[in-house]
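Per-entry structural report
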Amino acid sequence: MNEDIRIHSWPCSYYLESSRQWIPGKLSLTPLSIKFTADKTGELLVDFQLSGISEIKKESSHLIFSSLTILEKGTKHWFSSLHPNRNVVFNILEHFWREQLLSSREGAAGAALGSSKGRELTGMLEGSQRRLEDTAKVLHSQGEQFDNIMRGLHKIEGDMDMADRLLTELESPSWWPFSTKLWRTPLESKPKETPAPPDPKPEEETLLWIPVIITHRPDSTSKPGKLSVLPSGLEIRDCGSQVLQRFSWRQVDDVRVHSPYEISVRQRFIGRPDLCFRLLAARMPRLIPLLQARLGDKVQLLDDALGFAAAGTSPAADLGTAVWRAASGFLGAAANPEFPAGEGTDKEQLQLQKISEDEAKELRQILKKLKGLALETEAELERQDEALDSIGSSVDRATLNIERQNRRMRRLT
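Under an unreviewed UniProt entry, the name given to the chain is Synaptosomal-associated protein 47, and the source organism is Sylvia borin. Of the comments in the UniProt record for the chain, the one headed Sequence similarities (unreviewed entry) reads "Belongs to the SVAP1 family."

In the UniProt entry, the feature "domain: T-SNARE coiled-coil homology" (unreviewed entry) is given for residues 134-170 and 350-412. Along residues 134-170 the backbone is 100% helical and 0% strand, and the end-to-end C-alpha distance reaches 54 Å.

It is worth spelling out a negative patch on the surface at this point. A cluster of like negative charges, contributed by E378, E382, D385, E386 and D389, occupies part of the molecular surface. Mapped onto the elements of the fold, E386 is located in helix 6 (residues 357-412).

For the rest of this paragraph, the subject is the UniProt feature "coiled-coil region" (unreviewed entry) in the chain. Within this numbering scheme, the UniProt entry marks residues 360-387 as carrying the feature "coiled-coil region" (unreviewed entry). With 100% helix and 0% strand, residues 360-387 has its two end C-alpha atoms placed 40 Å apart.

Between its first and last C-alpha, helix 3 (residues 284-295) extends 16 Å over 12 residues, near the 16 Å set by a 1.5 Å rise per residue. The complete set of buried residues in helix 3 reads M284, P285, L287, I288, L291 and L295. Buried residues of helix 3, seen end-on, are gathered within an arc of 150° and therefore sit on one face of the element. Directly after helix 3, the chain includes G296, whose backbone phi takes a positive value near 65°.

Time to look at the nonpolar core. Of all hydrophobic cores here, the largest spans 30 residues; its most connected members are L27, L29, I34 and L93. Of all elements in the fold, only strand 1 (8-16), strand 2 (21-29), strand 3 (33-38), strand 4 (44-49), strand 5 (53-59), strand 6 (67-72) and helix 1 (86-107) reach the threshold of two or more residues within this core. In terms of residue count, helix 1 provides more of this core than any other element does, 8 residues in total. Mapping this core onto the domain boundaries places at least three of its residues in each of domain 1 (8-105) and domain 2 (208-303). Those residues within four positions of L93 in sequence are excluded, and the remaining contacts are W10, L27, L29, I34, I56, L68 and I70.

The next point concerns the sheet that holds strand 8 (residues 208-215). With respect to topology, 8 strands assemble into an open sheet ordered 11-10-9-8-14-13-12-15, the strand pairing being mixed. The strands lining the two open edges of the sheet, one partner per strand, are strand 11 (243-248) and strand 15 (299-301). For this sheet the average axis-to-axis angle between neighbouring strands, irrespective of direction, equals 30°. Of the pairings in the sheet, the one linking strand 8 to strand 14 (residues 275-280) comprises 3 bridges and is antiparallel in character.

Another aspect to go through is a positive patch on the surface. There is a patch of like positive charges on the surface, built from R404, R407, R410 and R411. Here R404 lies in helix 6. Overall, the relative accessible area of 30% leaves R404 in the partly exposed class.

With that settled, the discussion passes to the packing of aromatic side chains. On inspection of all chains with the given rule, the structure shows 6 aromatic pairs. Centre to centre, the rings of Y14 and F36 are 5.4 Å apart; their planes meet at 40°, and the pair counts as tilted. Placement of the pair is Y14 in strand 1 and F36 in strand 3, with a sequence separation of 22 residues. Each member of the pair, Y14 as well as F36, is classed as buried. With a centroid separation of 5.1 Å and an interplanar angle of 40°, the aromatic rings of Y14 and F79 are classed as tilted. Placement of the pair is Y14 in strand 1 and F79 in strand 7 (residues 75-80), with a sequence separation of 65 residues. Residues Y14 and F79 agree in their burial class; the two are buried. The ring of W209 has K226 lying over it, and the distance from NZ or CZ to the ring centre is 5.2 Å. One residue, R272, lies across the ring of F269, its end atom 3.7 Å from the ring centre.

Moving on: the sheet that holds strand 2. Taking strand neighbours across the sheet as the criterion, the 7 strands line up as 4-3-2-1-7-6-5 in an open arrangement whose pairing is antiparallel. Sheet topology places strand 4 and strand 5 at the edges, where each strand pairs with a single neighbour. Adjacent strand axes in the sheet meet at a mean angle of 30°, parallel and antiparallel pairs treated alike.

For side chains of opposite charge, pairing can occur when their charged atoms come near one another. Taken as a whole and assessed by the stated rule, the structure comprises 15 salt bridges. Two residues, R397 and E157, come together in a salt bridge whose shortest N-O distance is 3.0 Å. Here R397 is found in helix 6, whereas its partner E157 is found in helix 2 (residues 117-171), with 240 residues between them in sequence. Of the charged contacts, one joins E262 and R278 as a salt bridge, the two residues approaching to 2.7 Å between their closest N and O atoms. Here R278 lies in strand 14 and E262 lies in strand 13 (residues 262-267), a separation of 16 residues in the sequence. Judged by its relative accessible area of 33%, R278 is partly exposed. Salt bridges here are not isolated pairs; linked through shared partners, they connect D254, R266, R268 and D274.

This part covers the side chain of S13. Along the chain, the position of S13 falls in strand 1. Not counting chain neighbours up to four residues away, the residues in contact with S13 comprise W22, I23, P24, F36, W78, F79, S80 and S81.

Calculation notes
- Residues numbered from 1 in each chain as written.
- Predicted model: local features only at pLDDT ≥ 70, side-chain atom pairs only at ≥ 80, totals over all residues.
- Heavy atoms only, no water.
- UniProt positions renumbered as here; feature names shortened; annotations may be inferred.
- Helix = DSSP H or I, 4+ residues; strand = E, 2+ residues; numbered from the N terminus.
- Patch = residues over 30% accessible without salt bridge, like charges linked within 9 Å, V, L, I, M, F, W, Y side chains within 5 Å.
- Areas by Shrake-Rupley, 256 points an atom, 1.4 Å probe, with all protein chains shown as cover.
- Salt bridge = Lys/Arg side-chain N within 4 Å of Asp/Glu carboxyl O.
- Lys, Arg positive; Asp, Glu negative; His and termini not counted.
- Charge placed at Lys NZ, Arg CZ, Asp CG, Glu CD.
- Expected span 1.5 Å × (residues − 1).
- Buried < 20%, exposed > 50% of the residue type's maximum accessible area, 1.4 Å probe, protein only.
- Arc of directions from axis to C-beta.
- Core = buried A, V, L, I, M, F, W, Y, C linked by side-chain atoms within 4.5 Å.
- Domains from an automatic or database assignment.
- Contact = heavy atoms within 4.5 Å.
- Pairing = 2+ DSSP bridges.
- Axes fitted to C-alpha atoms, helices over the stretch in contact; angles between N-to-C directions.
- Phe/Tyr/Trp six-rings, centres within 6.5 Å; stacked < 30°, edge-to-face > 60°.
- Lys NZ or Arg CZ within 6 Å of the ring centre and 35° of its normal.

Okay, here's the thing in C-alpha cells:
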C-alpha cells in the first residue's frame, strides 16, 4: 500500500535518453520511491527507490536551465520545467531522501538492492566530501576577502595618522618655531569598558525536534528548517538556527493535518491576516501524537489525511489513531522496503548486510578525508571569526578618527 501513497507531485519534463527528447509529465514522491509518469501516454518512465539514490543536485548548462538531476545506480536522470520552481522540489526530495537513509540506518536492516550497502554508503560519503570541498573553497575565498578588508583598514589608519599630523601643524600659530618639528607623544589608548553580560536565560528543554520543510505563505518558497516541541509551545527555526516563529500553546488556534507527513499551524487574528506555517516532514508521524495529546480538539484531520486510514467503521478518535499507526508503518517500511507496512517492527532484529573489506577500507579513507576537511574548515572559521572581530574594532576606530578630523577641519575653516 505504501507505493500507492503520494506525498507530493509536481508537473515537469523528463529527458528520455533513448529518444533524446523531453517528455512532459508528473514527478511523484512516495514514502519509498520516486516516479515519473508521462502525460500523453500515462506510461511510467521512472520508478526507483529512494535508498538507491546517490546524489540529488541542481544543475544547469547552456542548453538546460533550472534542471534537477538525480543520480541512481550510475544513471543520471534529468528533470526540468519544475513547478512551482526547482528549489521547492529540490528541498522536498532531498529532505525525504536523507531521512530515508537515516531511517534505514536506524532500522538496522538495509534494502537488498542491486548495489551493496557499502556502495550506497560510499556514494553518500563521496557526495558529502564533494560538498565539503566546495564549502572549503568558498570559505577560503571569503577569508581572502577579509584579508583585503584588513589591508584597506590598515591603509585608512595610516592616512588618518598623516591627516592628524597635518592638521596639528595647521592648528599651530605661524610664529611657533617648532611647527615643523612637532613634539608629540603617543596617545594613551584607554581600555574599553566591556559591559557586564546579561544573565543568560535558562533554555527550555526540548521535548522533540524534527527537520521540516517550511512554507510560510502560499506564494513563498519552501525552505528547510527545524520544528521543536517545547513545554511552553512550538518553535520554528530556519536552517541557520534563526527563530522564525514561536507559538505558545495558547496562541495555536488550530493544527490542520493534511497527511501523515504534512500539517499547518495557524494563529488567528482579528483585522489582519492569520499567521500560518505549513510544515512537511518525513518524521511528522512521530510528532502528531504529541500535538494531539497537548492540543486535543485543535488538531483537525482533513479528508486527505483520513484517506490514509484503511478502516472506516471506527469512531473519529479511533480513526485518527489508525491513521498514525499506518503512518508509523510507512516509516518502518521506509527503513525495511522488503517488508510491507506494519511488519517492520517484527523484522527490526535482522542483521545488517555485510560490507566487504575493500569497501570498509574505502569508507575509512573517505572518513579520514572528511575529518581532515572538517578540522581545516573549523580552523578557518575560527580565523575568520577573529578577523571579523578585528575588522569591527578597526572600523569603530576609523569612524571615530574621521569624525574627530572633520571637527578639526571645520574649526580651521
